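Coordinate analysis (summary)
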Amino acid sequence: LLLSLHHRNPVILQAGDALLRMLLFWGMLLPLGARWSLDSTSGPLTLYRRKDNSLLSVAGVAILLQVCLVYWFTATFKDHPMWWNQNAAYFALHVDQLVTPFGMWLRQIEWLLPILTKAAFTLAIAAPILVFCPIWTGTARMLVILAMIGTHLALAMSLNLGLLPYVAALSWLVFIPGKFWDKLKTMIRGQTGLRANQSRTHWMLAMLRRVPTLISGSRRGTGDVLIDIPTTRRLGIKARGWEQLLACIALFYAIAWNLQWLDSHSDDPILPVRVTATGDILRMEQNWNMLSPDALSNDGWFVMPATLINGETVDAFTGGALSWTNPVHVSDNQPSSRWRKYLRNLSNPQFDRHLTPFAEYIARSFNQTHSTAEQIVSFDIVFIRETTRPGGGIELNRYTLLQYHDES
């Protein structure tokens, strides 16, 4: 389902979508329903019968490495004077398309910005290493998890980055040590969290057991219908051979894709074209250049001056009066983070072919809500690029991306 959505909306996707997609991919090869789930409760929903809580599999290693790959390869894109001079936080908080009111307040504390830059770079390198610390592993992991979740929540408060900070924060939960869950289990009455209060969960489980019967006439449990696992598999948590092989191939593929992206301009790519095409279909491509130097130093906003039949001039996108000045908060004119990503992509020459359909949509939407005398005759899509200078100040450049004329 997620793949189908992403295939149909590639222009609005961002790193958070890619990370969520990869976590779900590795999750297909892991027994996520074995503990702390409806599938692990008593009765017909029980799919796994094993007292041992440990499982060694390639997919288990892969999902841990996947989280680490995000930060290690993100750090490679930080090899830039912006990060050496500890100015990255300053540039990031001056991207008007992304900054929040809290971020606007935070960027006024100039002495704190170099510290935030250094902390972000250090965490990106050290956190994925510390979670594999051979001594005091459990303690080290819990401290890293808390630090990374706090960092991403602070990032979400400062910048409008869509799903990325939330998915990234949740991804660190895969490192929670087993001892944590064992201790949590002893604190809750019953064998699992769902059995802590049978009176509260009994009605819910009873309803879930009836769902398959209503849909397909089956009398089996919900878990048995939705997750059709062979009887031999239910007797234990075990990674089968074909799953191990598939996970191994996928892991090497994911690492190769990340390495190839580092040298994307090479004439001799690591992955052959046919192999890359397979990854495009499965959407296993990975590019962790979030908040790259180019993205941090270049900002901007759209102005779409439209001429109406009655001779008036308005902004075709906002529907209001035409203004060439930078809005106080650009994101106020954009409905969601998806719109911000879409418009940011439209300013890139790589997406020029999307300009005409976008212009047709703008004209159609405007004309449907206005009278005949206020119909759009023509309008321009203008992008005003704002470049933040290292020593302070900005540089503005105006680019007319498309001149649209209504020929209907």
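Okay, so let's go over this structure. (Residues numbered from 1 in each chain as written. Predicted model: local features only at pLDDT ≥ 70, side-chain atom pairs only at ≥ 80, totals over all residues. Heavy atoms only, no water.)

1. Concerning the overall build of the protein chain
- On a plain count of helices and strands, the protein chain comes out with 18 helices and five strands.
- Counting only residues that meet the buried cut, the protein chain has 41% of its 408 residues in that class.
- In the protein chain, once contacts between residues fewer than 6 apart in sequence are set aside, the share between residues at least 24 apart is 69%.
- Accessible area of the protein chain: about 22900 Å², with a carbon and sulfur share of 62%. (Helix = DSSP H or I, 4+ residues; strand = E, 2+ residues; numbered from the N terminus. Buried < 20%, exposed > 50% of the residue type's maximum accessible area, 1.4 Å probe, protein only. Contact = heavy atoms within 4.5 Å. Areas by Shrake-Rupley, 256 points an atom, 1.4 Å probe, with all protein chains shown as cover.)

2. Considering the packing of aromatic side chains
- For the coordinates displayed, the defined rule picks out 16 aromatic pairs.
- Here Phe302 and Phe383 contribute two aromatic rings whose centre-to-centre distance is 5.0 Å and whose plane-to-plane angle is 55°, an arrangement assigned as tilted. Taken as a pair, Phe302 in strand S1 (residues 298–303) and Phe383 in strand S4 (residues 376–388) lie far apart in primary sequence, 81 residues in all.
- Exposure remark for Phe383: the relative accessible area of 3% places this residue in the buried category. (Phe/Tyr/Trp six-rings, centres within 6.5 Å; stacked < 30°, edge-to-face > 60°.)

3. Focus: the environment of Ser4
- If you trace the backbone, Ser4 turns up in helix H1 (residues 2–8).
- For Ser4, a relative accessible area of 26% translates into the label partly exposed.
- Among the polar contacts made by the side chain of Ser4, one reaches the main-chain carbonyl oxygen of Leu1 at a distance of 2.6 Å. (Polar contact = N/O pair within 3.5 Å; in protein donor to acceptor, adjacent residues only side chain to side chain.)

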